[in-house]
Amino acid sequence: MFTVKQMRYFDALATHLHFRKAAETVFVSQPALSAQIAEMENLAGSPLFERANKTVLLTELGHTLWPRIKVVLQEIRALEELTEQKSGILQSRLRLGIIPTIAPYLLPDLIQALKQQYPALTLELREALTDKLLEELRNGELDAVIAAMPVHDPYLTGQHLFDDRFLIATSSNNNDVLPSPLTQGNTALEKLLLLEEGHCLRDQALEVCALPRERTLVNFGATSMATLLQMVSNDMGLTLIPEIAIRSEVPHKRIRIVPFSDSSPKRQIGLFWRKQSLRLEDFTALAELTKKAAQPLLVSDSEISALQRQ
C-alpha cells in the first residue's frame, strides 16, 4: 500500500511533470522525491512515469491512479484540518504562498511576529506568481495565499489585508518627471520598465498608466522589483513602485519617488483560502497579524515628500 508521503510526492510530480519543481513543491530534495516515486513503482509493479530526454510523462497506470490519489489526499487534508483546529489557533503546520512583489518586504516582520505570538506554528513558505499559487491552493498543496485582489474563483474566499499605493520611481538624475504630482495619463510615463510577463504587478502597472498601444515601452522584463529599480537608478527608464517596497528598495539608490495627483492608484492585498477549509480561526488570526506587520512598511505623505526631493 502506498504511504501518504508517497502519494503527495506522486501528486506533485504528476502536476509539474518535472522532478526538481515537484521536489520544491513538497519541500524535499530531488533525490528524496525520486526514491519515493521509485518505491511506489515497485509497489505498483509497473512504471507510473515515463522518463526520456529530460521529459516526464504519466503512464497509463499513472493516469488511472492520479484522480484516486487526489481524492485520498483531499480526505487526509480534511482530517488534518480537524486535528489542527482542535490543537488551538496557529498551533500546527501552515503552508503559506505569497507573491514575489510582496514576499521580500512583508515576510521578515511577519515571520518574527508569528514566532513571537505563535511559537508552536510550523510555517512552510512558497513564493511564486499568482496563478501558480492559486492553482496550488485549489489543489490543497497550500493552505493560504497572500496576493493582490480580486481573485475570481468559486472555490476560494478571502479577506482584505491592506492597500498598497503605487508611486513613480525615477532616477534622481532624470528631469523628465517633474516634482509636481502626476496624472495617470501623463506623457512622462512613455518609457516604463515592467516586470516580465506573468507578474500581476506588470498588468497592474499597464492598467494604472493606461498607455495606448502606440506609446513605447522599454523592452526589458525584470524578474524582481530589486532588479527593476537598479535599472531605474541607472537612467534606463521609469517604473511603478508599490508603497510596501519603498523602505527596503529606495534608500542608498539614486532614485526619486514621485506621487500621482490627488488619490494615488493602489492595489489591494488580501489573504485567500479554500471556502471549505475548516481553519477559519487560523486564517483570521493570520490576517490580523499580517495587517499589523504591514503597517510599519507603509510610508507617510511626509516621507514621500522627502523622497520626491532626492
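First, a word on scope: everything that follows refers to the structure included in this document. What you see is a predicted model; the values in this text were computed from it and never measured.

## Let's talk about the overall build of the protein chain
In terms of helices and strands, the protein chain carries eleven helices and eleven strands. Per-residue burial for the protein chain yields a buried fraction of 48% across its 310 residues. Long-range pairs, those at least 24 residues apart, make up 77% of the contacts in the protein chain with a sequence separation of at least 6. Total accessible area on the protein chain stands at roughly 15300 Å², and carbon and sulfur atoms take up 52% of it.

## Notes on the pairing of strand S10 (residues 255-258)
The alternating pattern of S10 places Ile255 and Ile257 on one face and Arg256 and Val258 on the opposite face, and all of these are buried. Strand direction decides the pairing type here: strand S6 (residues 156-171) and S10, joined by four bridges, are antiparallel. Within S10, the residue paired with Ile168 across the bridge is Val258.

## A short note on the packing of helix H1 (residues 4-16) against helix H3 (residues 30-44)
Between H1 and H3, whose axes approach to 9 Å, the crossing angle comes to 105°. The orientation of H1 with respect to H3, classified from their angle, is roughly perpendicular. Within the contact between the two elements, H1 uses Lys5, Gln6, Met7, Tyr9, Phe10 and Leu13 and H3 uses Ala32, Leu33, Gln36, Ile37, Glu39, Met40 and Leu43.

## Considering the nonpolar core
With 56 residues, the main nonpolar core has Ile102, Leu106, Leu114, Ile146, Ile241, Ile257 and Leu271 as its most contacted residues. The residues contacting Leu114, other than those within four sequence positions of it, are Leu90, Pro119, Leu121, Leu123, Leu286 and Leu289. Core analysis: the next-biggest nonpolar cluster, separate from the first, contains 21 residues, Leu13, Ala14, Leu33 and Met40 among them.

Calculation notes
Residues numbered from 1 in each chain as written. Predicted model: local features only at pLDDT ≥ 70, side-chain atom pairs only at ≥ 80, totals over all residues. Heavy atoms only, no water. Helix = DSSP H or I, 4+ residues; strand = E, 2+ residues; numbered from the N terminus. Buried < 20%, exposed > 50% of the residue type's maximum accessible area, 1.4 Å probe, protein only. Contact = heavy atoms within 4.5 Å. Areas by Shrake-Rupley, 256 points an atom, 1.4 Å probe, with all protein chains shown as cover. Pairing = 2+ DSSP bridges. Axes fitted to C-alpha atoms, helices over the stretch in contact; angles between N-to-C directions. Parallel < 35°, antiparallel > 145°, perpendicular 65-115°, else oblique. Core = buried A, V, L, I, M, F, W, Y, C linked by side-chain atoms within 4.5 Å.

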